[in-house]
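Tertiary structure, described
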Amino acid sequence: MFYEPNKKCPFKIDPFKSIVFPRPIGWISSISKNGIANLAPYSYFNSVADEPPQVMFCSNGSTAYGKYKDSLSNILSTKEFVVNFVTSTLRNQMNISSKDFKPDEDEFFFSNLKKKKSKLVKAPSVKDSPVNLECKLVETIKLKSNSKKISIMVIGEVIGIYINNKFIKNGRVDSVSMRYIARMGYSEYTTVSSKFSLRR
Ligand SMILES: Cc1cc2nc3c(=O)[nH]c(=O)nc-3n(C[C@H](O)[C@H](O)[C@H](O)COP(=O)(O)O)c2cc1C
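As the structure is a prediction and not an experimental result, all values here were calculated from the model.

**Side note on the overall build of the protein**
- The number of helices and strands found in the protein is four helices and 14 strands.
- Of all intrachain contacts in the protein linking residues separated by at least 6 positions in sequence, the fraction that spans at least 24 positions is 59%.

**Remarks on the nonpolar core**
- By size, the foremost hydrophobic cluster in this structure holds 30 residues, and its most contacted members are W27, I28, V82 and V86.
- Residue assignment for this core shows that the elements contributing at least two residues are β2 (26-31), β3 (37-42), β5 (53-60), α2 (70-78), β6 (80-84) and β9 (131-142).
- Look past the residues within four positions of V86 in its chain and what remains in contact with it is I25, W27, P41, R91, M94, Y180 and I181.

**Some remarks on the site of the ligand**
- Close to the ligand lie 20 residues, the nearest being A40, Y44, K69, D70 and S71.
- Counting only elements with at least two residues in the shell around the ligand, the list comes to β3, β5 and α2.
- For the shell around the ligand, the leading source of residues is β3, giving four residues.
- Counted by class, the shell around the ligand contains six nonpolar, nine polar and five charged residues.

**Brief notes about the pairing of strand β4 (residues 45-50)**
- Across five bridges, β4 lies against β5 in antiparallel orientation. Along β5, the bridge assignment pairs D50 with P53.
- Hairpin connection from β4 to β5: two residues lie between these consecutive antiparallel strands.

**So, the sheet that holds strand β14 (residues 189-191)**
- Judged by pairing direction, the sheet is antiparallel, and its three strands sit side by side in the order β1-β13-β14 without closing on themselves. Of all strands in the sheet, those with a lone pairing partner are β1 (23-24) and β14, marking the two edges.
- As paired strands, β1 and strand β13 (residues 181-183) are joined by two bridges and run antiparallel to one another. Bridge pairing links R23 to R183 in β13.

**Examining unusual backbone geometry**
- Cis rather than trans, the peptide bond between F21 and P22 has omega equal to -10°.
- Here P22 is to be found in the loop between α1 (16-19) and β1.
- Positive phi is not limited to glycine here, since K79 has a value of about 65°.
- Tracing the chain through its elements places K79 in the loop between α2 and β6.

**So, the environment of K148**
- The topology assignment puts K148 in the loop between β9 and β10 (151-163).
- Look at K148 and you get exposed, because 7 C-beta atoms sit within 10 Å.
- Put simply, K148 and S62 are 86 residues apart on the chain and 9.6 Å apart in space, counted from C-alpha to C-alpha.

**What to know about α2**
- Where α2 is concerned, the buried positions are D70, S71, L72, S73, N74 and I75.
- Just downstream of α2, K79 is the residue with a positive phi angle, here 65°.

**Digging into the environment of S98**
- Here S98 shows up in the loop between α3 (91-97) and α4 (107-110).
- You can call S98 partly exposed: it has 15 C-beta atoms within 10 Å.
- On a C-alpha basis, the gap between S98 and S88 in space is 16 Å, while along the polypeptide they are 10 residues apart.
- Discounting residues that sit within four places of it in the chain, S98 has contacts with A40 and P41.

**With respect to the sheet that holds β4**
- Spatial strand order, β3-β2-β6-β9-β10-β5-β4: seven strands in an open sheet with antiparallel pairing. The sheet is open, and its two edges are formed by β3 and β4, each paired on a single side. When the angles between neighbouring strand axes are averaged without regard to direction, this sheet yields 35°.
- In this structure, β5 lies alongside β10, joined through seven bridges in antiparallel fashion. Counted as the bridge partner of V55 is G156 from β10.
- Each of β2, β3, β5, β6, β9 and β10 touches α2; the most contacted strand, β2, lies at about 50° to it.

Conventions used here
- Residues numbered from 1 in each chain as written.
- Predicted model: local features only at pLDDT ≥ 70, side-chain atom pairs only at ≥ 80, totals over all residues.
- Helix = DSSP H or I, 4+ residues; strand = E, 2+ residues; numbered from the N terminus.
- Contact = placed C-beta atoms within 7 Å.
- Core = buried A, V, L, I, M, F, W, Y, C linked by C-beta atoms within 7 Å.
- Buried ≥ 20, exposed ≤ 12 C-beta atoms within 10 Å, placed from the backbone.
- Near = placed C-beta within 6 Å.
- Nonpolar A, V, L, I, M, F, W, Y, C, P; charged D, E, K, R; others polar.
- Pairing = 2+ DSSP bridges.
- Axes fitted to C-alpha atoms, helices over the stretch in contact; angles between N-to-C directions.

Set out below in structure tokens:
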């Protein structure tokens, strides 16, 4: 099988998201100018540099209420956000937070999630996430689009990192015990539950 995505896709459901996997989920919290908190999962997400540490996520498409998704609108106006990580036990709350809520609706409330005051940014953190990355906006990049769908990549500098002490063992992060979930294609997810080492 070989196909060119710009021509006719030979699948009923475009398999692109099922090929590049697993994708980590950046659970992005932000706050509007009016002080309304917002939370939504983004799996076009990753870390992209470390001196200084930087992350990116990509907002694709709009909402029923505006040109940009709320996370992007808030970040463009406040220049900051938090990346929270989703564990297996938080999966349903993550899913609820992905609904197209109105800009003045707080997903923390609807997903029954506790907020934690962030240390360096106004956006709240997800209290039950094992890790929160407090970020300042570096830049946004408008990606190529063949349709009316707007794709904007958001790059943030990580200025504060919270790690729950429970997951620090012998001076190292015990990543597997956090049970992060990651996105595959369709409605599929995976849990990080094993690891192996390979020295370079
Ligand atoms: C696991 C998961 C991953 C998602 N990844 C993305 C993504 O990378 N980019 C995107 O634009 N939407 C993504 N979505 C959809 C957004 O979460 C959804 O549009 C949400 O309502 C956006 O909220 P906001 O308007 O508060 O930012 C994802 C949804 C789920 C459940």
